[in-house]
Amino acid sequence: MTDYQIDSQNQIRRKPERGDYEYETVYEIVDESLICHVGFVQDGRPFVIPTIHARDNNTLILHGAKASRLLKHVAAGHEICVNVTIVDSLVLARSVMHHSMNYRSAVLFGSGHIVEEKSLKLRYLELVVEHIMPGRWGNARLPDKKELNATAVVAMPIDKASAKIRSGPPVSD
């Protein structure tokens, strides 16, 4: 499987042995996580917004209200940073200084765009719904015209990414 190219933006610096840059590893983490946090800078101030997501190959799908500050930021062509984390277990050591967590996380970088084409927008909304609850799209009322017009869908090609994974028992003195 191909790796994301490593550069100063996505390189794991602390505990680099836990880093992974393979597409497949990043995709598995993104696909398993139910929520992501999207970071961006607007007017010189940082913001982080939690949201749900889906993935279509190497494209991250986000959605929200058209009035959303985040989605307006993305629509303007600005870069975003997305984090997903899965906590697999707590790691309790004899010393509190060695307590930890077993986790899998991924950080994604890219610039997205608003999806305007109706059939693609519906397909991406279906991916988001099916990501959260498989089978739900076919068992619920689909968005009507008013709901669809009030919703923005963003497609962000994943330009760069890295994963970081911790597993195993505590490390004790």
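Residues numbered from 1 in each chain as written. Predicted model: local features only at pLDDT ≥ 70, side-chain atom pairs only at ≥ 80, totals over all residues. Heavy atoms only, no water.

What follows concerns the confidence of the model for the chain. For the chain, the average pLDDT comes to 93, and 99% of its residues sit at 70 or higher. When mean pLDDT is compared element by element in the chain, strand 4 (residues 53-56) scores highest at 98, while strand 1 (residues 19-20) scores lowest at 88. (pLDDT = per-residue confidence, 0-100. Helix = DSSP H or I, 4+ residues; strand = E, 2+ residues; numbered from the N terminus.)

Locating Asp20 in the fold gives a position in strand 1. Buried within the structure, Asp20 lacks any salt-bridge partner; Arg104 is the closest side chain of opposite charge, at an N-O distance of 11 Å. Of the polar contacts made by the side chain of Asp20, one reaches the side chain of Thr25; its length is 3.1 Å. If we skip the residues at most four places from it in the chain, Asp20 touches Thr25, Ser162 and Ala163. (Buried < 20%, exposed > 50% of the residue type's maximum accessible area, 1.4 Å probe, protein only. Lys, Arg positive; Asp, Glu negative; His and termini not counted. Salt bridge = Lys/Arg side-chain N within 4 Å of Asp/Glu carboxyl O. Polar contact = N/O pair within 3.5 Å; in protein donor to acceptor, adjacent residues only side chain to side chain. Contact = heavy atoms within 4.5 Å.)

Our next topic: the pairing of strand 6 (residues 79-91). Both strand 2 (residues 36-42) and strand 6 contribute to a ladder of 3 bridges, which runs antiparallel. Bridging across to strand 6, Val38 finds its partner in Val82. Here strand 6 runs beside strand 7 (residues 100-111); their pairing, made up of 12 bridges, is antiparallel. In the strand pairing of strand 7, Ile86 is matched with Arg104. (Pairing = 2+ DSSP bridges.)

We now examine the nonpolar core. As a rule of thumb, soluble globular proteins bury nonpolar side chains together. Counting residues in hydrophobic clusters, the biggest one holds 26 residues, and the most contacted among them are Val26, Leu60, Ile80, Val82, Leu108 and Ile158. For this core, the elements supplying multiple residues, two or more each, are helix 1 (23-32), strand 2, strand 5 (59-65), helix 2 (69-75), strand 6, strand 7, strand 9 (151-157) and strand 10 (160-166). Excluding its chain neighbours within four sequence positions, the residues that come into contact with Ile80 are Val38, Gly39, Phe40, Leu62, His73, Val74, Leu108, Phe109, Gly110 and Met156. In terms of nonpolar packing, the next biggest core, distinct from the first, is built from 10 residues, Val115, Tyr124, Val128 and Ala155 among them. (Core = buried A, V, L, I, M, F, W, Y, C linked by side-chain atoms within 4.5 Å.)

All right, on to the side chain of Ser33 then. The residue Ser33 is located in the loop between helix 1 and strand 2 in this model. A polar contact is formed between the side chain of Ser33 and the backbone oxygen of Val30, at a distance of 3.1 Å.

For Ile52, the position within the fold is in the loop between strand 3 (45-51) and strand 4. Residue classification places Ile52 among the partly exposed positions, given a relative accessible area of 30%. Between the C-alpha atom of Ile52 and that of Lys66, which follows or precedes it by 14 residues, the distance is 15 Å. Ile52 has contacts with Leu34, Ile61, Leu62, His63, Val128 and Ile132, leaving out every residue within four places of it along the chain.

Another point: the sheet that holds strand 4. The strands that make up a sheet are held in pairs by hydrogen bonds between backbone atoms, and each pair lies either parallel or antiparallel. Within the open sheet, the 4 strands sit side by side as 4-5-9-8. Their pairing is antiparallel. Each having just a single partner strand, strand 4 and strand 8 (113-114) make up the two edges of the open sheet. With 4 bridges connecting them, strand 4 and strand 5 associate as antiparallel partners. From the neighbouring strand, Arg55 faces strand 5, where its bridge partner is Leu60. The strands touched by helix 3 (residues 118-132) within the sheet are strand 4, strand 5 and strand 9, with strand 4 carrying the most contacts at an inclination of about 120°. (Axes fitted to C-alpha atoms, helices over the stretch in contact; angles between N-to-C directions.)

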